[in-house]
Amino acid sequence: MTKRLSLARRAFLATAGGAGVGLAVGFRIEPAGAVSPAAETAFNPFLRIAPDGKITVIVKHIEFGQGANTGLATLVAEELDADWSKVTAESAPGNAELYANLFWGGAQGTGGSSAIANSYDQYREAGATARAMLLQAAAERLGVPASEIRTEQGQLIHGENHLNYGEVAEAAAALPAPTAVSLKPPSEYRLIGESSLRRVDGAAKTDGSALFALDLQLPGMLYATVAHSPRFGGRVASFDGSAAAAVPGVEAVVEIPSGVAVVARNTWAALKGRDALDVTWNDDAAETRSSATLVGEFLELAERPGAVAATEGDVSGALAAADQVVELTYEFPFLAHAPMETLDAVVRYTPGEQVELWFGSQAPTIDQTTVAAMTGLEPSQIHVNTMLAGGSFGRRATPNADIASEATAIAMALDGRAPIKLMWTREDDIQGGFYRPIYVHKLRGGLDASGRLVAWEQRIVGQSILAGTPFSMLIEDGIDLSSVEGASDLAYAVPALQVELHSPTVGVPGLWWRAVGHTHTGYATETFVDALAAAAGADPFAFRQQLLQDKPRHLGVLELAAERAGWSSPAPEGVHRGIAVHESFNSFVAQVAEVRLDDGRVKVERVVCAVDCGRAINPDQVRAQMEGGIGYGLGAVLRDAITLTDGYVDQQQFDTYEPLRIDDMPHVEVHIVASEEAPTGVGEPGTPVIGPAVANAIFAATGRMPTRLPFTNDGLV
Amino acid sequence: MATTLQINGETRTLEAADDTPLLWALRDEVGLTGTKYGCGVALCGACTVQVDGVALRSCQMALGDLEGASVVTIEGLASPEGRALQQAWRELDVVQCGYCQSGQIMQAADLLAQTPKPSDDDIDAAMWGNVCRCATYQRIRAGIHRAAELLEA
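Residues numbered from 1 in each chain as written. Chains lettered and ligands numbered in written order. Predicted model: local features only at pLDDT ≥ 70, side-chain atom pairs only at ≥ 80, totals over all residues.

Secondary structure summary: chain B contains five helices and five strands in total. Listed N to C, the secondary structure of chain B is β-β-α-β-β-β-α-α-α-α in terms of helices and strands. Computed over C-alpha atoms, the radius of gyration of chain B comes to 15 Å, within 12% of the 15 Å expected from 2.2 N^0.38 for 153 residues, which places it in the range of a compact globule. Dimensions along the principal axes, computed over C-alpha positions, put chain B at roughly 45 × 30 × 25 Å. Counting every position in chain B, which comprises 153 residues, the buried fraction comes to 58%. Across chain B, every contact between residues at least 6 apart in sequence was considered, and the portion connecting residues at least 24 apart equals 64%. (Helix = DSSP H or I, 4+ residues; strand = E, 2+ residues; numbered from the N terminus. Rg over C-alpha atoms; globule rule 2.2 N^0.38 Å. Buried ≥ 20, exposed ≤ 12 C-beta atoms within 10 Å, placed from the backbone. Contact = placed C-beta atoms within 7 Å.)

So this is what it looks like as structure tokens:
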């Protein structure tokens, strides 16, 4: 029997939408993006042109740093032959009919590193269609055939005649849109693949003018904070809000489903009011276990067979017959996303009419349907205005629309008498759950007498992210694909393989964290390969190379990274190298880490990264995402863990959950594989590779593989 | 309950509780929202502003202690160092989500004012307290070096 599953998220929400799980599609909201500001002309839902030639691209994905605004604008501008200096981008409103993620079966949202990949044809067609209409309008204006007019840098050119796009925009948009347009051959690209394009949001993010949800101020707006249960699953038993209400500036203290909200005339009063609250919590349904207890339970489960996620050949027989068996057990902690901008939202509720929301909505369709259900309004009456967001890394895409629903609950408790700005503090964020869950992996691998890999057995234990959410139907035969992705589809050639899964129930909400399952499967598989290579007496690069002969794209990045890192020549004195390669979200990344160890202190000095993401739309942004993904993943493996004692979170701030700081940041160089393949994503795939690359360098230095993350748990700092 | 101070060169009298952190006074009362909240306890640097010429964490400065002080925020940053940093940031596309970058630039302007040609170690020491969860640190270093070059030219 052969059964290998992998989580392709293009099928993910497609299934969800098709099964009708409350992801309403097909409703219509009058979108801000289709309402042209004065004098700007809308060509389609994705593009407006102003009389002065300014181009506005309406971006259906949230911009939270990954460069969606720049990338999608590039696609339109390329086919439009736009002048890049005139191109701006704005976020689309919540409207799945116009702005669905084409990989998500009708739902609007951002995730799975899919923004460029799903928009590649759609946004280029939007630009090409508008260009054809501009050409036709110019032809009528000039009285010449459209075929004699060429376009360049926002100009329509016929002989000595130059027309700016803005001059004919209004006439052009009134023409019927062509039913079919041809797209440029890649050889004619001027913007796609061009490294010198700067981000469309670069200037506003250096002078304080970029607007995030926290920056909005509406007339009469009040500020809210919420006291949440310190244990997950706890509920308000009773509360005394009198001291809070006595804080000058506090306007209301109200109970909502997620806790007790303090509403005030400014943020400071809301914070002081919350400090003065006295809440008694009911922990009857709360998770009260410690994380160490959970790990202990998971380690026991790892000794027992689980649900089979992938199987090939006879793994037990192959292990029994192997010349050598290598065994390692791994422990991965809870991880918080900790985006720089904590969760926040501005809401204006007009009872019986509408809810307007302004926030970093990563999944507007879920937010709209959830808020509609709460208020009894139609999804079309829930207006989601997506703001720039200060990072997410997965945190803003919650199946229960947590921040939208909490803000709306407060507004409802006040009968909509004022707009509300809800802000979570950093403590709320660190202690707020929706973590990358704890996982335990137990791996056994067999080598024959000549050092060939003959068996691979991997047992994964960890809570399901999807269970109990609208996506639970994506758990197939007891397998949450997001728990096993990156392992059940192991790239290495091995004749006998079995991957099993236990999904114990834990009362702490879990969530996708930049690269999801790959954050642990990538680490476990890639460090285990190094342990096998060592047992086989093989070089870790050569060992991989031999096992990836049927995987040309893995092999391509592996060899490129090794070559650019000088793998075949000795490392500098005192420096140890580690290598890793992993596919996630259809992109392939290999990294070589150069690490210095000084009394157990891990200093990553240099990382050479190779990435194959198909055609690179904005190569400098591809590099930026690799740099950032490496930094994000490195901080986590070095020292980050959320732990619980009797159900209470031990960490609360950036001192005990300390992000990567500048002196931890290695020099990163990124090499992009030249490719004609369709573009894939880069937001996540850089992250799961750095941990194992660094761990393998530590293994090379010490002979001991770090298996209990973060490294501080393994005696390293 | 009223504090008079200079904000970006303008004299302002703010009617807010004396214990209001400058961060919230700037954001909620003055409407200068370029200064960001990241942690509220001086562990991340997102709220960095200049007070009397020195880069400080505005979440830790009580409004009542700032009578007569001169505050510069990202919106008012007009020093040669500030301008050079903004230009360098744009040239090198330092930003990703951008949320921490006001604080990064305010801190870096302070560094360049004191150390016109900083080494990587100088930069790491000066910028250590400024967190970027997008980990744009490599470009922050490069941006500061580039700004130093621009200032020298």
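This brings us to the overall build of chain A. The secondary structure content of chain A amounts to 18 helices and 30 strands. Its C-alpha atoms give chain A a radius of gyration of 27 Å, near enough to 27 Å, the size a compact globule of 717 residues would have. When its C-alpha atoms are laid out on the principal axes, chain A stretches across 80 × 75 × 50 Å. Once local pairs closer than 6 in sequence are excluded, the contacts in chain A between residues at least 24 apart make up 77%.

So, on to the interface of chain B and chain A. Reports often express the size of an interface as the amount of accessible area lost when the parts come together. In this complex, chain B contributes 43 residues to the contact, which on the side of chain A involves 47 residues. Residue classes in the side of chain B that touches chain A are distributed as 23 nonpolar, 14 polar and six charged. (Nonpolar A, V, L, I, M, F, W, Y, C, P; charged D, E, K, R; others polar.)

Each strand in a sheet pairs with another by means of backbone hydrogen bonds, the pair being arranged parallel or else antiparallel. Residues and elements named next belong to chain A. The four strands lie next to each other as E25-E26-E27-E30, forming an open sheet whose pairing is mixed. Each having just a single partner strand, strand E25 (575-584) and strand E30 (667-672) make up the two edges of the open sheet. Taking each pair of neighbouring strands and ignoring which way they run, the sheet shows an average axis angle of 20°. Sheet topology places strand E26 (residues 587-598) next to strand E27 (residues 601-612); eleven bridges connect them, and they run antiparallel. (Pairing = 2+ DSSP bridges. Axes fitted to C-alpha atoms, helices over the stretch in contact; angles between N-to-C directions.)

The share of residues in chain A with pLDDT of 70 or more is 95%, and the mean pLDDT across the chain is 94. Long-range and interchain partners of residues 1-36 of chain A, a stretch whose pLDDT sits below 50, account for 93 contacts in this model, where long-range means more than four residues apart. (pLDDT = per-residue confidence, 0-100.)

Residue and element names in this part refer to chain A. Interaxial distance between helix H14 (residues 518-535) and helix H15 (residues 540-547) falls to 9 Å at its minimum, and their mutual angle equals 105°. With respect to their mutual orientation, H14 and H15 come out roughly perpendicular. On H15, the residues touching Val529, Asp530 and Ala533 of H14 are Pro540, Phe543 and Arg544. For the contact of H14 with H15, the per-class residue count stands at four nonpolar, no polar and two charged. (Parallel < 35°, antiparallel > 145°, perpendicular 65-115°, else oblique.)

Glancing now at unusual backbone geometry. Residues and elements named next belong to chain A. Following leucine 709, the chain continues to proline 710 via a peptide bond in cis, the omega torsion being -5°. Note on placement: proline 710 falls in the segment after helix H18 (687-702). Of note in the backbone geometry, phenylalanine 393 takes a positive phi value of approximately 60° without being a glycine. Looking at the element boundaries, phenylalanine 393 is found in the loop between strand E18 (382-386) and helix H11 (402-413).

What follows covers the confidence of the model for chain B. Per-residue confidence for chain B gives a mean pLDDT of 98, with 100% of residues at or over 70. Listed scores for the predicted complex are pTM 0.95 and ipTM 0.98.

Residues and elements named next belong to chain B. A rise of 1.5 Å per residue sets the reference length of helix H2 (residues 80-92), with its 13 residues, at 18 Å; its end C-alpha atoms lie 18 Å apart and thus fit the reference within 8%. Those residues of H2 not exposed but buried are Glu81, Gly82, Ala84, Leu85, Gln86, Ala88, Trp89 and Leu92. For H2, the elements touching its buried residues are helix H3 (101-114) and helix H5 (137-152). Aspartate 93 sits one or two positions beyond H2 and adopts a positive phi of about 45°. (Expected span 1.5 Å × (residues − 1).)

Moving on, we get to the sheet that holds strand E8 (residues 161-164) of chain A. All names here are of chain A. Judged by pairing direction, the sheet is antiparallel, and its three strands sit side by side in the order E6-E7-E8 without closing on themselves. With one partner strand each, in any of the chains shown, strand E6 (150-152) and E8 form the two edges of the open sheet. Averaged over all adjacent pairs, the angle separating strand axes in this sheet is 30°, with direction ignored. Sheet topology note: the E6/strand E7 (residues 155-158) ladder contains three bridges and is antiparallel. Counterpart to threonine 151 in the pairing with E7 is leucine 156. Relative to E7, helix H4 (residues 115-142) is tilted by about 45°, and along the sheet it contacts E6, E7 and E8. Most of the contacts of helix H5 (residues 165-174) go to E8, to which it runs at about 70°, and overall it touches E7 and E8.

What follows covers the environment of Phe543(A). Residues and elements named next belong to chain A. Looking at the secondary structure, you find phenylalanine 543 in helix H15. In sequence terms phenylalanine 543 and leucine 532 are eleven residues apart; their C-alpha atoms lie 8.8 Å from each other. Those residues in contact with phenylalanine 543 that sit more than four places away from it in its chain are Val529, Ala533, Ala536 and Ala538.

Residue and element names in this part refer to chain A. Considering the arrangement of structural elements, one finds proline 470 in the loop between strand E21 (453-462) and strand E22 (475-476). Classification of proline 470 by C-beta neighbours within 10 Å gives partly exposed; the count is 18. Between the alpha carbons of proline 470 and asparagine 400 there is a distance of 8.5 Å; along the sequence they are 70 residues apart.

Moving on, we get to the pairing of strand E16 (residues 344-350) of chain A. All names here are of chain A. Within E16, six of the seven residues are buried, which leaves the element mostly enclosed by the surrounding structure. Sheet analysis places E16 next to strand E19 (residues 420-423), joined by four bridges and oriented antiparallel. Note on E19: the bridge partner recorded for valine 347 is isoleucine 420. The pairing of E16 with strand E17 (residues 354-359) spans five bridges and is antiparallel. If you follow valine 347 over to E17, its bridge partner there is leucine 357. Once E16 ends, the chain turns through three residues before running back antiparallel as E17, passing glycine 352 with a positive phi of about 80°.

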